[in-house]
Amino acid sequence: MAGLRFVIVGGLLYLWTAVIKKEKYDWSVWKFGIISGFFLFLVGNGAVVLAEKNLPTGLVSIMAGTVPFWVLILDSRSGHMRFRNGFTWLGLLLGFGGLIILFADKINIGKHEPGVLFSYFIMLVGALGWTIGTLYSKYTSIHASTNARVCVQTLTSSIMFIAVAGIKGDWNTFHFKEVSMLSWGSLAYLILLGSMIGYYCFLWLLTKVSAHAVTTHAFVNPLVAVFLGTVFAGERFEPKEYISLICIIGGLVALYFSRKK
């Protein structure tokens with residue numbers, strides 16, 4: 001699914017940029033795509049793809065919403081001054097406090113299914129991968145349009161996804177005729193709104209404002225995912241998961257005000 005999504009996005013953008021706009025792709029552009037595509041999509045987005053097989057969409061989104069906290073910690077180019085603000089420490093305390101609440105009962109490994117535990121772990125790895133990819137995309141200077149950047153990221157990562165799918169044996173159990181119209185519609189939504197519009201805006205913004213400012217989309221994503229998952233997918237949350245959501249969103253707001261201050 002992920003490989004098909006990104007090969008279509010990358011292919012369409014390549015036709016637009018290279019064939020119609022005559023934009024040149026040198027090695028520096030492809031290198032940018034390979035490295036950033038690996039961290040952003042194969043690791044970051046791939047973690048979401050795998051985790052949603054065992055976890056509710058809202059819960060996956062809450063964990064993905066921790067990216068701004070990792071950006072704050074790992075963005076060394078912003079300088080250590082970013083930690084000299086009370087709102088910063090409040091945000092980190094709330095954010096990682098929310099994660100601790102979420103993981104509090106996961107310490108007893110024996111009571112959980114291996115697939116569920118793997119999904120929690122892979123989402124932490126995915127959040128770190130998206131963070132690294134975001135910072136690399138922000139601070140790597142190449143002569144290419146935003147469309148070309150998205151093109152090389154999606155094309156190279158699609159090859160990685162297809163290769164991983166082959167190694168996992170996914171192609172042996174996949175049959176086009178068994179895919180429902182709802183699934184095709186969901187894939188089209190991810191291609192058009194998720195990648196060609198949503199991610200394009202994300203990458204374009206990285207060239208205009210700080211990485212921390214761009215990741216404030218995490219204010220909204222978990223709330224939307226929890227709402228839609230509850231209403232349309234029948235997902236049910238435990239009280240501690242709602243508390244975790246409130247802590248993480250509160251932490252994000254505190255981080256936002258730390259930068260404003």
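Procedures and definitions
Every chain is numbered independently, its residues counted from 1 as its sequence is written. Only residues with pLDDT of at least 70 get local features here, since the model is predicted, and only at 80 or more are side-chain atom pairs given and counted; chain-wide, interface and lining totals rely on the full set of residues. Note that the side-chain values use all heavy atoms of the structure and ignore hydrogens as well as water. Helix and strand definitions here come from DSSP, where helices need a minimum of 4 consecutive H or I residues and strands a minimum of 2 consecutive E residues; each element is numbered from the N-terminal end. This radius of gyration counts C-alpha atoms alone. The globule rule is 2.2 Å times how many residues there are, raised to the power 0.38. Only protein chains enter the accessibility calculation, which uses a 1.4 Å probe; a residue is then buried when its area is under 20% of its type maximum, exposed when over 50%, and partly exposed in between. Here a residue-residue contact requires only that any non-hydrogen atoms of the pair lie within 4.5 Å. Throughout, the Shrake-Rupley method with a 1.4 Å probe supplies accessible areas, and for residues the shown protein chains are the sole cover considered. Charged-residue counts in this description rest on Lys and Arg as positive and Asp and Glu as negative, His and the chain ends being excluded. Every charge is mapped to an atom, namely NZ of Lys, CZ of Arg, CG of Asp or CD of Glu. The span expected for a helix works out to 1.5 Å for each residue beyond the first. To obtain the arc, one takes the directions from the helix axis to the C-beta atoms. Axes here refer to lines fitted to C-alpha atoms; in helices the fit is confined to the stretch in contact. Angles between the N-to-C directions go from 0 to 180 degrees. In this scheme the handedness of a crossing depends on how the near helix is turned from the far one: anticlockwise by less than a right angle means left-handed, clockwise means right-handed. Gly is put with the polar residues, along with every residue not named as nonpolar or charged; the nonpolar set is Ala, Val, Leu, Ile, Met, Phe, Trp, Tyr, Cys and Pro, and the charged set is Asp, Glu, Lys and Arg. To form a nonpolar core, buried Ala, Val, Leu, Ile, Met, Phe, Trp, Tyr and Cys residues must be joined to one another through side-chain atoms within 4.5 Å.

Draft legend 1. A look at the overall build of the protein chain. Of regular secondary structure, the protein chain possesses 11 helices and zero strands. In the protein chain, the order of α-helices and β-strands from amino to carboxyl end is α-α-α-α-α-α-α-α-α-α-α. In terms of C-alpha radius of gyration, the protein chain reaches 19 Å, essentially the compact-globule figure of 18 Å for 261 residues. Dimensions of the protein chain along its principal axes, counting C-alpha atoms only, are 50 × 50 × 30 Å. Out of the 261 residues in the protein chain, the part that is buried amounts to 44%. By sequence separation, contacts in the protein chain at least 24 residues apart represent 83% of the contacts at least 6 residues apart. About 13,800 Å² of surface is accessible on the protein chain, with carbon and sulfur atoms providing 70% of the total. With 21 positive and 11 negative side-chain charges, the protein chain shows a separation of 13 Å between the mean positions of the two kinds.

Draft legend 2. Layout of helix 10 (residues 221–232). A rise of 1.5 Å per residue sets the reference length of helix 10, with its 12 residues, at 16 Å; its end C-alpha atoms lie 16 Å apart and thus fit the reference within 8%. Those residues of helix 10 that sit buried are Pro222, Ala225, Val226 and Gly229. Projection of helix 10 onto a plane perpendicular to its axis shows the buried side chains occupying an angular sector of 100°, all on one side. Exposed residues lying more than 90 degrees from the buried face of helix 10 are Phe227 and Phe232. Remark: Gly234 follows helix 10 within two positions and exhibits a positive phi of approximately 65°.

Draft legend 3. Geometry of the packing of helix 7 (residues 146–168) against helix 8 (residues 181–206). Between helix 7 and helix 8, the least distance of the axes is 10 Å, while the angle of their chain directions is 115°. In this structure, helix 7 crosses over helix 8, and the sense of that crossing is right-handed. In this structure, helix 7 contributes Thr146, Asn147, Arg149, Val150 and Gln153 to the contact, and helix 8 contributes Tyr199, Tyr200, Leu203 and Trp204. Here the contact of helix 7 with helix 8 is composed, by residue class, of five nonpolar, three polar and one charged.

Draft legend 4. Examining the nonpolar core more closely. Judged by nonpolar contacts, the single largest core of 33 residues is most densely connected at Tyr25, Phe41, Trp130, Phe161, Tyr199, Phe202 and Leu206. Of all the secondary structure elements, the ones that give two or more residues to this core are helix 1 (2–20), helix 2 (27–51), helix 4 (67–74), helix 6 (114–139), helix 7, helix 8 and helix 9 (211–214). Top contributing element to this core by residue count: helix 7, with seven residues. Apart from residues lying up to four places away in sequence, Trp130 is in contact with Phe39, Leu40, Phe41, Gly44, Asn45, Val67, Tyr199 and Phe202. Counting 25 residues, the second largest nonpolar core, distinct from the first, contains Ala47, Leu102, Leu245 and Leu255.

Draft legend 5. Summary view of the environment of Phe237. Here Phe237 lies in the loop between helix 10 and helix 11 (239–260). For Phe237, a relative accessible area of 12% translates into the label buried. Separated by 231 residues in the primary sequence, Phe237 and Phe6 have C-alpha atoms spaced 31 Å apart. Discounting residues that sit within four places of it in the chain, Phe237 has contacts with Pro56, Gly58, Leu59, Ile62, Val226 and Tyr242.

Draft legend 6. Representation of the environment of Gly129 in the model. Along the chain, Gly129 falls in helix 6. For Gly129, a relative accessible area of 3% gives the class buried. Counting along the chain gives 84 residues from Gly129 to Ala213, while the straight-line C-alpha distance between them is 18 Å.

Purely spatial values, then, with no claim about function.
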